[in-house]
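Observations on chain architecture
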Amino acid sequence: MMYESVEQEGVMRRAGRSLSGSDVLRNYYFIRAAVAAAWVVAAFTVGKTSLAATALLIAYPAWDAVANLFDISRNGGAARNLPQTLNVAVSGLAAVAVAAASANMNAVLGVFGAWAILAGLMQLATGVRRWKAFGAQWTMILSGAQSTLAGAFFISRSFGNGVPSIRDVAGYAAFGAFYFSLSALWLLFRRKA
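Presented here is an overview of the structure given in this document. Note that the coordinates shown come from a computational prediction; the quantities given were computed from them, not determined experimentally.

Our next topic: the side chain of Asn87. Of note, Asn87 is situated in helix H4 (residues 82-101). Discounting residues that sit within four places of it in the chain, Asn87 has contacts with Asp64, Asn68, Trp115, Ala119 and Met122.

This is the structure we're talking about:
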């Protein structure tokens, strides 16, 4: 994703050709969508075993931390990207907390809920911040808001009587894939127009 540094530079050199900030952001959104979609497929296939489900549940917030860290490194660093810098920390802590709570799926869902709320707020702030430079951020803003609501639902569900499963989180990840895809397509078709 691109920030003020790219706005000031105009274009970024990548593999011998110029990519605009919008192109880099679009590609980043496509990658995020593909990883989220692959995670959902894995959740419904290999995620049926306890060990695989635990690994996937740890990997999801860990991937979010890595993706945000990559984005920050390409866009002016941590000081210029405070919401994402906070998101890296929150997502990293969530991965550790999921690992620590992995013996109790209700606790895992509660951790996911807290993470979804905080990550959603950071995504919403990033979308608002990027609106001026790139437009097409309404989907990221909507996704951040929905993540916050999903987090509250996860927390309430974690106190329920039933035993949650990885499938509870898979729907959340599927919406993430949808929103990242929609954002990428929006930027792609806007550029062609």
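The next point concerns the environment of Val108. Checked against the element boundaries, Val108 lands in helix H5 (residues 105-134). In sequence terms Val108 and Ile166 are 58 residues apart; their C-alpha atoms lie 9.6 Å from each other.

Because the α-helix completes a turn every 3.6 residues, residues three or four places apart line up on one side. Taking 1.5 Å per residue, 25 residues should reach 36 Å; helix H3 (residues 50-74) reaches 36 Å between its end C-alpha atoms and fits that length. Maximal helix bending in H3 amounts to about 25 degrees, located at Tyr60; proline Pro61 follows within four positions. Among all positions in H3, only Ala52, Ala53, Leu56, Leu57, Tyr60, Pro61, Asp64, Ala65, Ala67, Asn68, Asp71 and Ile72 are buried. Of the residues trailing H3, Gly76 is marked for its positive phi of about 95 degrees.

Below, the discussion takes up helix H6 (residues 138-158). Here H6 is 21 residues long and its end C-alpha atoms lie 30 Å apart, about the 30 Å a rise of 1.5 Å per residue gives. For H6, the full list of buried residues reads Thr139, Met140, Ser143, Gly144, Ser147, Ala150, Gly151, Phe154 and Ser158. What you see down the axis of H6 is that its buried residues fit within an arc of 135 degrees, all on one side.

Two aromatic rings, taken as a pair, are described by how far apart their centres are and by the angle between their planes. The tally for this structure, following the rule as stated, stands at 13 aromatic pairs. Ring geometry for Tyr28 versus Tyr29: centroids 6.3 Å apart, planes at 50 degrees, classification tilted. Tyr29 carries the same exposure label as Tyr28, and that label is buried. Clustering of aromatic rings is evident, with ring pairs tying together Trp39, Tyr60, Phe112, Trp115, Phe153, Phe154 and Tyr172.

Between two packed helices, the angle of one axis relative to the other and the distance separating the axes together describe the packing. Two numbers describe how H3 lies on H4: the axes approach to 8 Å, and their chain directions differ by 160 degrees. Judged by the inter-axis angle, H3 sits roughly antiparallel to H4. Where H3 crosses over H4, the handedness of that crossing is left-handed. Taking contact as the criterion, the partners of Leu57, Ile58, Pro61, Ala62, Asp64, Ala65, Asn68, Leu69, Asp71 and Ile72 in H3 are, on H4, Gln84, Thr85, Asn87, Val88, Ser91, Gly92, Ala94, Ala95, Val98 and Ala99. Each residue belonging to the contact of H3 with H4 can be placed in one class, and the counts come to 12 nonpolar, 6 polar and 2 charged.

Formed by 26 residues in total, the largest nonpolar core has its most connected members in Trp39, Leu57 and Phe112. Sorting the residues of this core by element identifies helix H2 (21-44), H3, H4, H5, H6 and helix H7 (166-192) as the ones contributing at least two each. Tallying contributions element by element places H5 first for this core, with 8 residues. With residues near it in sequence (within four places) discarded, Trp39 still touches Leu56, Leu57, Tyr60, Ile166, Val169, Ala170 and Ala173.

Looking now at the environment of Leu185. With respect to the secondary-structure elements, Leu185 resides in helix H7. As for Leu185 and Tyr29, which are separated by 156 residues in sequence, their C-alpha atoms are 8.9 Å apart.

So, how was this worked out
- Residues numbered from 1 in each chain as written.
- Predicted model: local features only at pLDDT ≥ 70, side-chain atom pairs only at ≥ 80, totals over all residues.
- Heavy atoms only, no water.
- Helix = DSSP H or I, 4+ residues; strand = E, 2+ residues; numbered from the N terminus.
- Contact = heavy atoms within 4.5 Å.
- Expected span 1.5 Å × (residues − 1).
- Bend = angle between axes of the 7 residues up to and from the residue.
- Buried < 20%, exposed > 50% of the residue type's maximum accessible area, 1.4 Å probe, protein only.
- Arc of directions from axis to C-beta.
- Phe/Tyr/Trp six-rings, centres within 6.5 Å; stacked < 30°, edge-to-face > 60°.
- Axes fitted to C-alpha atoms, helices over the stretch in contact; angles between N-to-C directions.
- Parallel < 35°, antiparallel > 145°, perpendicular 65-115°, else oblique.
- Left-handed = near helix turned anticlockwise from the far one by under 90°.
- Nonpolar A, V, L, I, M, F, W, Y, C, P; charged D, E, K, R; others polar.
- Core = buried A, V, L, I, M, F, W, Y, C linked by side-chain atoms within 4.5 Å.

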